[in-house]
Amino acid sequence: MRNIKIGGIVEASAVSMGCMRLAGADEKAVPKIIETATECGITHFDHADIYGAGESEIRFGKYIKNNPSFRDNIVLQSKCGIRKGMYDFSKEHIINSVDNSLKRLNTDYLDILVLHRPDTLMEPEEVADAFDTLQEAGKVKHFGVSNHNSSQIELLKTAVKQPIITNQLQFSIMESGMVTSGLNVNMKNEESVVHDGAFLEYSRINNITIQTWSPFMAGFFKEVFVGNDNYKELNDTLEQIANRYGVTPTTVAGAWILRHPAKMQLISGSMTPSRIKEVCRAADITLTRQEWYSIYLAAGYRLP
């Protein structure tokens, strides 16, 4: 497993284990799931306070408690800001959320705290105050966001002094709007519409690592595209390239994300050990430019 530097600061594995589904896994299997990830070279684990209503953090925290040295060898990340029927970036909620996550995770600090979906009622000065308080107390080392566009990050930066080192965004072969809009500049087609404030280029200019969620999904949790007959041309192409490298189509789909020079981090939510191994192999393959574009075109996109 190769490593990347999140935001140019935090060294971590190119593939992260997303822990959203940990709450729904067989509790007895949790140690095996975590150990499979670490054996494959994963050092980065992504949580959120809402995953399983906190149960995912609790289960991970039990593993930390039973394996104290494990905490020193990983990058632990969690998110906050989503509440029932609202988003909340108030100082009080951010600090309380972190305190509760730390208790559930059986740790004294988070390596990275990520603000979940944007709160339109956000006051940058209040977020800055929360970040300062948490950092000074040693509870959070670094900060990021999720599902934010370029302007929303710029607004945060008017008050927040810590660098925003990551932004979690949906990105996969079938959900590659960040790429498609950039390839269709100056066109009048639907593909030219920019939905994210040209974040792909913004991230590279500002050294913000994109963490890709749902890397094997089409649509908003609609369906997995790998091995799905609804995406025959794409899967035929993935299969051909997979055979060339002696891996699986899942591995190639992950390698497609990691091939981009933006140096994204792939967040895999699988709880199946065999699939975790498939995804992790993606970090060891570098697709050629021709292979990358052939996969893109097989997904149904076109070049102008």
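Use the structure listed above.
Residues numbered from 1 in each chain as written. Predicted model: local features only at pLDDT ≥ 70, side-chain atom pairs only at ≥ 80, totals over all residues. Heavy atoms only, no water.

Draft legend 1. Structural context of the overall build of the chain. Each helix and strand counted, the chain has 11 helices and 14 strands in total. The C-alpha atoms of the chain give a radius of gyration of 19 Å, which matches the 19 Å a tight globule of 304 residues would have. In terms of overall dimensions, the chain has a C-alpha envelope of 50 × 45 × 35 Å along the principal axes. Residues counted as buried form 55% of the 304 residues belonging to the chain. Contacts in the chain between residues at least 24 apart in sequence constitute 75% of all its contacts with a sequence separation of at least 6. If you sum the accessible surface of the chain, you get close to 13700 Å²; carbon and sulfur atoms cover 49% of it. Of the side chains in the chain, 32 bear a positive and 36 a negative charge, and the two mean positions are spaced by 3 Å. (Helix = DSSP H or I, 4+ residues; strand = E, 2+ residues; numbered from the N terminus. Rg over C-alpha atoms; globule rule 2.2 N^0.38 Å. Buried < 20%, exposed > 50% of the residue type's maximum accessible area, 1.4 Å probe, protein only. Contact = heavy atoms within 4.5 Å. Areas by Shrake-Rupley, 256 points an atom, 1.4 Å probe, with all protein chains shown as cover. Lys, Arg positive; Asp, Glu negative; His and termini not counted. Charge placed at Lys NZ, Arg CZ, Asp CG, Glu CD.)

Draft legend 2. Structural detail: the packing of aromatic side chains. Inspection of every chain in the model, using the stated rule, returns 12 aromatic pairs. The interplanar angle of 55° and the centroid separation of 5.9 Å between the aromatic rings of Phe60 and Phe70 together place this pair among those described as tilted. Of this pair, Phe60 sits in helix α2 (residues 55-66) while Phe70 sits in the loop between α2 and β5 (75-80), and the two are 10 residues apart along the sequence. Looking at Phe60, the relative accessible area reads 0%, which means it is buried. Look at Trp292 and Tyr293: their rings are 5.1 Å apart centre to centre, the planes differ by 75°, and that puts the pair in the edge-to-face class. Since its relative accessible area comes to 28%, Tyr293 is described here as partly exposed. Following the ring pairs from residue to residue traces out a cluster consisting of Phe171, Trp256, Trp292, Tyr293, Tyr296 and Tyr301. Here Arg71 stacks its cationic end above the ring of Tyr109, 4.1 Å away from the centre of that ring. (Phe/Tyr/Trp six-rings, centres within 6.5 Å; stacked < 30°, edge-to-face > 60°. Lys NZ or Arg CZ within 6 Å of the ring centre and 35° of its normal.)

Draft legend 3. The packing of helix α8 (residues 232-245) against helix α9 (residues 249-258), seen in detail. Running from N to C, α8 and α9 cross one another at 95°; their axes reach a closest spacing of 8 Å. In this view, α8 runs roughly perpendicular relative to α9, as classed from their interaxial angle. Together, Leu238, Glu239, Ile241 and Ala242 of α8 and Pro249, Val252 and Ala253 of α9 make up the contact between the two elements. Split into classes, the residues belonging to the contact of α8 with α9 amount to 6 nonpolar, no polar and 1 charged. (Axes fitted to C-alpha atoms, helices over the stretch in contact; angles between N-to-C directions. Parallel < 35°, antiparallel > 145°, perpendicular 65-115°, else oblique. Nonpolar A, V, L, I, M, F, W, Y, C, P; charged D, E, K, R; others polar.)

Draft legend 4. Examining a nonpolar patch on the surface more closely. Residues Met20, Phe220 and Phe221 make up a contiguous nonpolar surface patch of about 300 Å² in total accessible area. Among the structural elements, Phe221 can be located in the loop between β12 (217-218) and β13 (223-224). Residue Phe221 is classed as partly exposed on the basis of its relative accessible area, which comes to 38%. (Patch = residues over 30% accessible without salt bridge, like charges linked within 9 Å, V, L, I, M, F, W, Y side chains within 5 Å. Salt bridge = Lys/Arg side-chain N within 4 Å of Asp/Glu carboxyl O.)

Draft legend 5. Fine view of the sheet that holds strand β4 (residues 44-46). Spatially, β3-β4-β5-β8-β9-β10-β11-β14 is the arrangement adopted by the 8 strands of the closed barrel, whose pairing is parallel. Each adjacent strand pair in this sheet contributes to an overall mean axis angle of 30°, direction not counted. Direction of pairing for strand β3 (residues 15-18) relative to strand β14 (residues 265-268): parallel, over a ladder of 3 bridges. Looking at the pairing, Ser16 lines up with Ile267 of β14. In this fold helix α3 (residues 91-105) packs onto β5, β8 (110-115) and β9 (140-146), with an angle of close to 135° to the strand it touches most, β8. (Pairing = 2+ DSSP bridges.)

Draft legend 6. View of the nonpolar core. Among the nonpolar cores identified, the biggest contains 93 residues, and Phe45, Phe60, Leu113, Phe225 and Leu234 are the most heavily contacted of them. Considering every element that reaches this core, the biggest residue donor is α9, with 6 residues. (Core = buried A, V, L, I, M, F, W, Y, C linked by side-chain atoms within 4.5 Å.)

Draft legend 7. Quick look at the pairing of strand β11 (residues 209-213). With 5 of its 5 residues buried, β11 lies for the most part within the structure. Neither face of β11 is exposed, since Thr209, Gln211 and Trp213 on one face and Ile210 and Thr212 on the opposite face are all buried. Pairing analysis gives 5 bridges linking strand β10 (residues 164-170) to β11, with the strands arranged parallel. What sits directly across from Gln170, in β11, is Trp213. Sheet topology places β11 next to β14; 2 bridges connect them, and they run parallel. Bridge pairing in β14 links Gln211 to Gln265.

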